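Results of the structural survey
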Amino acid sequence: KKDDLLCFSRSGIESVPGCLGEGVSGKDYCWYRPPTMLWSFGNNGSPASAFPLGLCEGDCDNDSECAGDLKCLQRSAFEAVPGCE
C-alpha cells in the first residue's frame, strides 16, 4: 500500500529522505514518504491501483484522477505545488 515503507533506489550515496548518514554506496533503503512530498505513483490511469491519486501524488491529467475534492495541477516544469514539498 502507498502509505507503507517504500524502497529508495540509489546508485551512489544519495541522501535517503528522513534518514541520517550515508549508508553503503549503491545500496537501497526502505523509507517512509512524508504525505506532503511530491511523488509519482501512476500515469494515464496506470497502474489502476494508484488511482485516485492522493495529496502530492502524480501524475494526474484531470481532476477525475484525484481523490475527493483534490484538484489536478498541470505543470510544464518544476513549478511549486501548493501544500507539497
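One can find the structure itself at the top, above this paragraph.
Residues numbered from 1 in each chain as written. Predicted model: local features only at pLDDT ≥ 70, side-chain atom pairs only at ≥ 80, totals over all residues. Heavy atoms only, no water.

**Side note on the state of the cysteines**
Throughout the structure, instances matching the rule amount to two disulfides. Disulfide partner of cysteine 56: cysteine 84, at an S-S distance of 2.0 Å. Disulfide cysteine 56-cysteine 84: the torsion about the S-S bond is -95 degrees, which places it as left-handed. Placement of the pair is cysteine 56 in the loop between strand 3 (39-40) and strand 4 (57-58) and cysteine 84 in the segment after strand 4, with a sequence separation of 28 residues. Residue cysteine 56 shares its accessibility class with cysteine 84, and that shared class is buried. Across the disulfide, cysteine 60 is cross-linked to cysteine 72 (sulfur-sulfur distance 2.1 Å). On the S-S bond that ties cysteine 60 to cysteine 72, the torsion sits near 95 degrees, and the link is right-handed. Taken together, the residues cysteine 60 in the segment after strand 4 and cysteine 72 in the segment after strand 4 connect sequence positions twelve residues apart. The exposure class assigned to cysteine 72 is buried, which follows from its relative accessible area of 13%. (Disulfide = S-S within 2.5 Å. Helix = DSSP H or I, 4+ residues; strand = E, 2+ residues; numbered from the N terminus. Buried < 20%, exposed > 50% of the residue type's maximum accessible area, 1.4 Å probe, protein only.)

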